[in-house]
Amino acid sequence: MDFGLKNKEIQKTPGARFRGKLRLAVLLAAAICIGIPASIDLSIEWDYENRSAHAGNYRSLKPATVAIVPGASVYKGIPSPVLQDRLDCAIELYKQGKVRKILLSGDNGTSYYNEVKPMLLYVLERGVNEKDVFVDHAGFRTLDTLVRAKEIFQVKDAIFVSQKFHQPRAAFISKKIGLDLQSYESDRRIYISGPTSRFREFFARTLAWIDMNLANTAPKYLGKPFPIEGSGVKTWKGSVI
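Residues numbered from 1 in each chain as written. Predicted model: local features only at pLDDT ≥ 70, side-chain atom pairs only at ≥ 80, totals over all residues. Heavy atoms only, no water.

Under an unreviewed UniProt entry, the name given to the protein chain is Membrane permeability protein SanA, and the organism recorded is Leptospira andrefontaineae.

**Student:** Outline the nonpolar core, listing residues and values.
**Tutor:** Grouped together as the largest cluster of nonpolar side chains are 32 residues, with contacts concentrated most on V69, L87, L93, L104, I159, V161 and Y184. Elements with a contribution of two residues or more to this core: β2 (64–70), α2 (81–95), β5 (99–105), α3 (116–124), β6 (133–136) and β7 (157–162). Looking at this core element by element, the count peaks at eight residues for α2. Formed by 24 residues, the second largest nonpolar core is a distinct cluster that contains I40, I68, F134 and I152. (Core = buried A, V, L, I, M, F, W, Y, C linked by side-chain atoms within 4.5 Å. Buried < 20%, exposed > 50% of the residue type's maximum accessible area, 1.4 Å probe, protein only. Helix = DSSP H or I, 4+ residues; strand = E, 2+ residues; numbered from the N terminus.)

**Student:** Give a detailed account of the packing of helix α5 (residues 167–177) against helix α6 (residues 194–215), specifying residues and quantitative values.
**Tutor:** Packing of α5 against α6 leaves a shortest axis separation of 10 Å and a crossing angle of 5°. As summarised for this structure, α5 and α6 are arranged roughly parallel, according to the angle between their axes. Where α5 abuts α6, its residues P168, R169, F172, I173, K176 and I177 lie against E201, A204, R205, A208, W209, M212 and N213. Considered class by class, the residues forming the contact of α5 with α6 number eight nonpolar, one polar and four charged. (Axes fitted to C-alpha atoms, helices over the stretch in contact; angles between N-to-C directions. Parallel < 35°, antiparallel > 145°, perpendicular 65-115°, else oblique. Contact = heavy atoms within 4.5 Å. Nonpolar A, V, L, I, M, F, W, Y, C, P; charged D, E, K, R; others polar.)

**Student:** Tell me what's going on with α3, and back it up with residues and numbers.
**Tutor:** Of all the residues in α3, the buried ones are V116, P118, M119, L120, Y122 and V123. On its buried side, α3 packs onto β2, β3 (74–75), β4 (78–79), α2, β5 and β6.

**Student:** I'd like to hear about the layout of surface pockets, residue by residue, with values.
**Tutor:** One number sums up the size of the largest pocket: a volume of about 900 Å³. Of the residues forming the lining of the largest pocket, the biggest block, eight residues, is contributed by α6. Grouping the constituent residues of the lining of the largest pocket by class yields 16 nonpolar, eleven polar and nine charged. Empty space within the second largest pocket amounts to approximately 240 Å³. Here the lining of the second largest pocket is composed, by residue class, of seven nonpolar, three polar and four charged. (1 Å grid on protein atoms, 1.4 Å probe; cavity = no way out; pocket = protein on both sides within 12 Å on 5 of 7 lines; lining within 4 Å. Points joined across faces, edges and corners; volume = space filled by probe spheres on them.)

**Student:** I'd like a description of the environment of G56, backed by residues and values.
**Tutor:** The topology assignment puts G56 in the loop between β1 (54–55) and β2. Assessed through its relative accessible area of 58%, G56 is described here as exposed. With 108 residues separating them in the primary sequence, G56 and K164 have C-alpha atoms 8.7 Å apart. If near-sequence neighbours (up to four positions away) are discounted, G56 is found in contact with Y184 and E185.

**Student:** Can you explain the packing of aromatic side chains? Please cite residues and give values.
**Tutor:** Applying the stated criterion to the full structure yields five aromatic pairs. Plain terms: the ring middles of F134 and F153 are 6.4 Å apart, the flat faces sit at 90° to each other, and that makes the pair edge-to-face. One end of the pair, F134, is in strand β6; the other, F153, is in the loop between α4 (142–151) and β7, and 19 residues separate them in sequence. A residue is classified by how much of its surface remains accessible, and F134, at 0% relative accessible area, is buried. On the basis of relative accessible area, F153 is assigned to the buried category, the value being 3%. Here the aromatic rings of F199 and F203 are separated by 5.4 Å at their centres, their planes lie at 75°, and the arrangement is edge-to-face. (Phe/Tyr/Trp six-rings, centres within 6.5 Å; stacked < 30°, edge-to-face > 60°.)

**Student:** Help me get a handle on the pairing of strand β8 (residues 180–185), residues and values and all.
**Tutor:** Along any regular strand, the residues point their side chains to alternate faces of the sheet. Judged by how many residues are buried, β8 sits mostly within the fold: five of six residues are covered. Pairing geometry for β1 and β8, over two bridges, is parallel. Along β8, the bridge assignment pairs H54 with S183. By the bridge criterion, six bridges tie β7 to β8 in an arrangement that is parallel. (Pairing = 2+ DSSP bridges.)

**Student:** Give a description of the side chain of R205 that names residues and reports values.
**Tutor:** Locating R205 in the fold gives a position in helix α6. A polar side-chain atom of R205 sits 3.2 Å from the main-chain carbonyl oxygen of F165. Apart from the residues lying within four places of it in its own chain, the contact partners of R205 are I40, D41, I44, E45, F165, P168, R169 and R198. (Polar contact = N/O pair within 3.5 Å; in protein donor to acceptor, adjacent residues only side chain to side chain.)

Structure representation (structure tokens):
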């Protein structure tokens, strides 16, 4: 007994056809949402790896005006291991004569959270001349840090000090804005936050690509130029004094 279906194609109901189309649309959307960021991530990574101006050893870097140190988490006023390693590497560059200045750029957007004060105290306590330390209180993200370094602090050449996962995005942004940037990879240990940081970086690179190529995104704050020459003490206002 075939109930009239023998040798005939079983017809899908309208509901079944709709569900099939919906599944296809979801799969297509997922492919786009993952595929495009993955393509951007790989492109930015490959471009960085093909550059010669990055290193995990200061000896292979050319002298530059300034070491740029982006902020990271602080705990009860103490730099996290990620941030401590960035600061130690910047101090190393300074003491080895690879840079003349250090620019500390971090988030000081509220009275409850301050990255730059612990950064400043850390480098001063380790013998960096106070006149050679500049502070950027509005380094809310990498784009802000680099654009403000170029526009506010008039930086033309720099060494960006951060972990390897972070460096390709910084190199990508600096290339887009015309900033001569070398990369100093500050990985000195295995970080608990490593996998999470790399996962976030996957999407951060896509956002950076959009910012640079489509949105022409500006930093949250700009202001009057303060050339990175002479003394940086006046830039400390709001962090230590």
